[in-house]
Amino acid sequence: MGYLFGMYRKLSRSFGGAFTGKSLDFGGSVLRPEATGYGLIYFLQSMLTHQNESLSDKTVAVSGAGNVARHAAAKALEEGATVVTLSDSRGTVHAGKGLDEKHLEAVARIKADGGGLDRLADDFDDVDHYQGERPWRFDCEVALPCATENELDEDDARRLLDNGCRWLAEGANMPCTAAAVAVFQDSEVFYAPGKAANAGGVAVSGLEMSQNSRRESWSAGEVDRRLRDIMERIHRQCLEHGGDDTRPDYLTGASVAGFQRVARAMLGQGII
Ligand SMILES: NC(=O)C1=CN([C@@H]2O[C@H](COP(=O)(O)OP(=O)(O)OC[C@H]3O[C@@H](n4cnc5c(N)ncnc54)[C@H](OP(=O)(O)O)[C@@H]3O)[C@@H](O)[C@H]2O)C=CC1
Ligand SMILES: O=C(O)CCC(=O)C(=O)O
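To keep things clear, this report deals only with the structure shown in the data block. What you are looking at is a predicted structure, and each value in this text was computed from that prediction instead of being measured.

## Examining the state of the cysteines
Alright, step 1. Scanning the model with the defined rule gives 0 disulfides in all.
Alright, step 2. Looking at cysteine 176, it has no disulfide partner, and the nearest cysteine sulfur is the one in cysteine 165, 9.6 Å off.
Alright, step 3. Owing to a relative accessible area of 6%, cysteine 176 belongs among the buried residues under this scheme.

What follows is the structure in structure tokens.
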């Protein structure tokens, strides 16, 4: 991002504030790396609170081992959940008793080295590696697909239902296939689409632009407070349009809320 930002300024001779995810050395925001994963957990907590449930007693399966997955797992741990899986393009690691901070630190080191998660199982006796497998075969109450598009298909969705999954929130962009989404929507699972649940990244990019405009650098506490507020507001908007009852339809809620916001802006500015 730094190189892109530098070249953009050099060639355009202007700074329109369009580049986010910058280094803290030249206008970046604290917590931008963490934002999508943390925001996902804040959204999930709103879903659970709406059902009088808590994250602290839940078993959570996370896919991916990158930016979104690692920060979602770290925040879930901080909130007391048991995180049993991570995955990468080669396979899945499972820890029956749950992963902890030292596992996550080791994953960050392994990934920085370009290694695979099999190395985590080599280094820790309480972790098993399943080559070529996805996390969705393991028991969990909450599933957080945070790796890549189409990583969870119809068979995976049915397996998750059979294994006790009740909440699914997308950290990646469109990780569930359309057929998998149809399975969840037709079941008892509360399904939160990425357009709502993973908005924490773009939200903190927005906060980065606000800080740039005001020539300010906010503290981590300030950015985190605003991120939590934004995710709770997005959750309320989903309820407003998806049925504020015991079984809200988050897919409809997020889609209608997003569509109406864009439509109102276009009408208000005379574009349509
Ligand atoms: N970063 C952000 O702020 C945001 C990201 N997103 C979306 O979230 C997703 C993840 O982003 P991010 O964490 O930043 O990306 P990273 O590149 O940091 O991590 C991606 C992870 O997914 C794994 N992966 C890639 N392909 C596959 C596959 N076919 N099967 C299983 N695992 C796979 C990678 O494995 P390996 O380590 O082997 O390469 C890696 O662990 C993307 O869809 C992204 O668009 C959405 C909103 C914001
Ligand atoms: O940082 C942003 O503004 C967008 C991030 C995002 O949505 C993504 O990486 O998919």
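## Some points on the sheet that holds strand S5 (residues 142-145)
Alright, step 1. Here we have 7 strands laid out as an open sheet, ordered S4-S3-S2-S1-S5-S6-S7, and mixed in their pairing. The open sheet has two edge strands with one neighbour each: strand S4 (128-131) and strand S7 (190-192). Strand-to-strand twist in this sheet, taken as the mean axis angle between neighbours without regard to direction, amounts to 15°.
Alright, step 2. Pairing analysis gives 4 bridges linking strand S1 (residues 59-63) to S5, with the strands arranged parallel. Bridging from a neighbouring strand, serine 63 pairs with proline 145 of S5.

## Details of the site of ligand 2
Alright, step 1. The local shell around ligand 2 consists of Arg32, Asn173, Gly201, Val202 and Ser205.
Alright, step 2. Serine 205 is positioned such that a nitrogen or oxygen atom in its side chain is 2.7 Å from an oxygen atom of ligand 2.
Alright, step 3. Relative to its unbound accessible surface of 300 Å², ligand 2 loses 49% to contact with the protein.
Alright, step 4. Of all the elements, helix H9 (residues 200-214) adds the most residues to the shell around ligand 2, at 3 residues.
Alright, step 5. The residue inventory of the shell around ligand 2, partitioned by class, reads 1 nonpolar, 3 polar and 1 charged.

## Some points on the packing of helix H2 (residues 32-50) against helix H3 (residues 67-78)
Alright, step 1. It is at 7 Å that the axes of H2 and H3 come closest, and there the two elements cross at 50°. Here H3 runs oblique to H2, going by the angle between their axes. At the point where H2 passes H3, the crossing takes the right-handed sense. Facing H2, whose interface residues are Pro33, Glu34, Thr36, Gly37, Tyr38, Leu40, Ile41 and Tyr42, H3 presents Asn67, Val68, His71, Ala72, Lys75 and Ala76.

## A word on the packing of helix H10 (residues 220-242) against helix H11 (residues 250-268)
Alright, step 1. Taken N-terminus to C-terminus, the directions of H10 and H11 make an angle of 100°; their axes are 7 Å apart at the nearest point. Taken together, the axes of H10 and H11 lie roughly perpendicular to each other. Between H10, through His235, Gln237, Cys238, Leu239, His241 and Gly242, and H11, the contact on the second element is made entirely by Tyr250, Thr252, Gly253, Ala254, Val256, Ala257 and Gln260.
Alright, step 2. Of the residues contributing to the contact of H10 with H11, the split by class is 6 nonpolar, 7 polar and no charged.

## A few points about the layout of surface pockets
It is a probe the size of a water molecule, rolled over the atoms, that shows where empty space is left.
Alright, step 1. Taken as a whole, the largest pocket spans an internal volume of roughly 550 Å³.
Alright, step 2. Lining the largest pocket are 21 residues, and of these Lys195, Ala199, Ile234, Gln237 and Arg261 sit closest to its centre.
Alright, step 3. Where the lining of the largest pocket is concerned, the elements lending two or more residues are helix H8 (194-197), H9, H10 and H11.
Alright, step 4. Looking at the lining of the largest pocket residue by residue, the classes come out as 9 nonpolar, 7 polar and 5 charged.
Alright, step 5. If you add up the space inside the second largest pocket, you get close to 240 Å³.
Alright, step 6. The wall of the second largest pocket is formed by 20 residues, among which Ser87, Asp88, Ser89, Ala147 and Thr148 lie closest to the centre.
Alright, step 7. If you list the elements that add at least two residues to the lining of the second largest pocket, you get H3 and strand S2 (82-88).
Alright, step 8. No other element matches H3, which puts 3 residues into the lining of the second largest pocket.

## Section: a positive patch on the surface
Alright, step 1. Residues Arg233, Arg236, Arg261 and Arg264 make up a contiguous surface patch of positive charge.
Alright, step 2. Broken down by secondary-structure element, the contributors of at least two residues to the positive patch are H10 and H11.
Alright, step 3. One can find arginine 261 in helix H11.
Alright, step 4. Its relative accessible area of 59% is what places arginine 261 among the exposed residues.

## Examining the site of ligand 1
Alright, step 1. Around ligand 1, 17 residues are found, and the nearest of them are Thr36, Val68, Ser89, Lys111 and Asn173.
Alright, step 2. Note that an oxygen atom of ligand 1 is positioned 2.9 Å from one of the backbone N or O atoms of valine 68.
Alright, step 3. Within the side chain of lysine 111, an N or O atom sits 2.9 Å from an oxygen atom of ligand 1.
Alright, step 4. Look at ligand 1: alone it shows 900 Å² of surface, and the protein chains cover 63% of it.
Alright, step 5. Elements with a contribution of two residues or more to the shell around ligand 1: H2 and H3.
Alright, step 6. Here the shell around ligand 1 is composed, by residue class, of 5 nonpolar, 9 polar and 3 charged.

Cut-offs applied
- Residues numbered from 1 in each chain as written.
- Chains lettered and ligands numbered in written order.
- Predicted model: local features only at pLDDT ≥ 70, side-chain atom pairs only at ≥ 80, totals over all residues.
- Heavy atoms only, no water.
- Disulfide = S-S within 2.5 Å.
- Buried < 20%, exposed > 50% of the residue type's maximum accessible area, 1.4 Å probe, protein only.
- Pairing = 2+ DSSP bridges.
- Helix = DSSP H or I, 4+ residues; strand = E, 2+ residues; numbered from the N terminus.
- Axes fitted to C-alpha atoms, helices over the stretch in contact; angles between N-to-C directions.
- Near = heavy atom within 4 Å.
- Polar contact = N/O pair within 3.5 Å; in protein donor to acceptor, adjacent residues only side chain to side chain.
- Areas by Shrake-Rupley, 256 points an atom, 1.4 Å probe, with all protein chains shown as cover.
- Nonpolar A, V, L, I, M, F, W, Y, C, P; charged D, E, K, R; others polar.
- Parallel < 35°, antiparallel > 145°, perpendicular 65-115°, else oblique.
- Left-handed = near helix turned anticlockwise from the far one by under 90°.
- Contact = heavy atoms within 4.5 Å.
- 1 Å grid on protein atoms, 1.4 Å probe; cavity = no way out; pocket = protein on both sides within 12 Å on 5 of 7 lines; lining within 4 Å.
- Points joined across faces, edges and corners; volume = space filled by probe spheres on them.
- Patch = residues over 30% accessible without salt bridge, like charges linked within 9 Å, V, L, I, M, F, W, Y side chains within 5 Å.
- Salt bridge = Lys/Arg side-chain N within 4 Å of Asp/Glu carboxyl O.
- Lys, Arg positive; Asp, Glu negative; His and termini not counted.
- Charge placed at Lys NZ, Arg CZ, Asp CG, Glu CD.

Geometric descriptors of this kind do not, in isolation, establish any biological role.
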